[in-house]
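# Fold and geometry: a report
Here's the letter readout for the chains.
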Amino acid sequence: MKVVAFNGSPREDGNTAKLVKNVFSELERQGIETEMIQLGGIPVMGCTACMKCFENKDRRCVISSDLINECIEKMIEADGIIIASPTYFADLTTETKALIDRAGFVGKANDELFKHKVAAAVVSVRRAGALHAFDSINHFFLISQMVVPGSSYWNIGMGLAPGDVESDTEGMQTMQNLGQNMTWLMKKING
């Protein structure tokens, strides 16, 4: 089995990535393959609602000038999906939103491509606003008919400077528990 994560932070090794790597360490310990795709800081187009994905039904977005179609392919192939974002003005990054909107339309247009995949949101935050970002990602998962495991708290870690999140003991424990719960759920679903 495999879990693919999308790091919506422009800081490739910042707090958001550190949270995901903590989830990964538990997944890998359980024999799950992992891959992190760097999304933040890379120019991507937002959805234009052109509806071409519903006409073409080719499991792709008609916009092909960025890496979103590669991300969609990775999502289709994976058993589990993590979408991670830092909190920007109480919400997720624009790159993360572009992925959600475009993958969401493509998934719906192609007979619910992501249905029954295990999916988890991971959010880093300095102080406040993380729950809104967390909800935004989970709304995509739920409307796409994915299965969302819980953890011992919301999948949030607190920190400002890169690496600060590693001092958030509860946040790091939440990520470890999330990795355990994702593993358990994927094994149940995939037999």
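Each remark here, short or long, concerns the structure printed above.
Residues numbered from 1 in each chain as written. Predicted model: local features only at pLDDT ≥ 70, side-chain atom pairs only at ≥ 80, totals over all residues. Heavy atoms only, no water.

With parallel pairing, five strands are arranged side by side in an open sheet as E2-E1-E3-E4-E5. Edge strands, defined here as strands with exactly one partner in the open sheet, are strand E2 (33-38) and strand E5 (156-158). Recorded for the sheet is a direction-independent mean angle of 15° between the axes of neighbouring strands. Alignment of strand E1 (residues 2-7) against strand E3 (residues 80-86), held across five bridges, turns out to be parallel. Bridge assignment links Asn-7 to a residue of E3, and that residue is Ala-84. Where helix H4 (residues 94-109) meets the sheet, it contacts E1 and E3, and its direction lies at approximately 145° from that of E3. Here helix H6 (residues 169-190) sits on the sheet and contacts E1, E3, strand E4 (118-125) and E5; the angle it forms with E4, its principal contact strand, is near 170°. (Pairing = 2+ DSSP bridges. Helix = DSSP H or I, 4+ residues; strand = E, 2+ residues; numbered from the N terminus. Axes fitted to C-alpha atoms, helices over the stretch in contact; angles between N-to-C directions. Contact = heavy atoms within 4.5 Å.)

Here we take up the packing of helix H3 (residues 68-77) against H4. At a minimum axis distance of 10 Å, the contact between H3 and H4 shows a crossing angle of 60°. The orientation of H3 with respect to H4, classified from their angle, is oblique. Crossing angle aside, the handedness with which H3 passes H4 is right-handed. Residues Ile-68, Cys-71, Ile-72 and Met-75 of H3 touch H4, and the partners they reach there are Ala-98, Leu-99, Arg-102, Ala-103 and Val-106. (Parallel < 35°, antiparallel > 145°, perpendicular 65-115°, else oblique. Left-handed = near helix turned anticlockwise from the far one by under 90°.)

Applying the stated rule across the entire model yields 11 salt bridges. A salt bridge links Lys-2 to Glu-33, with the nearest nitrogen and oxygen atoms 3.8 Å apart. You can see Lys-2 sitting in strand E1 and its partner Glu-33 sitting in strand E2, a full 31 residues away along the chain. Among the ionic pairs, Asp-66 bridges to Arg-102, the shortest N-O distance being 2.7 Å. Residue Asp-66 is located in the loop between helix H2 (52-56) and H3, and its partner Arg-102 is located in helix H4; the two are separated by 36 residues in the primary sequence. As far as burial versus exposure is concerned, Asp-66 and Arg-102 are alike and both buried. (Salt bridge = Lys/Arg side-chain N within 4 Å of Asp/Glu carboxyl O. Buried < 20%, exposed > 50% of the residue type's maximum accessible area, 1.4 Å probe, protein only.)

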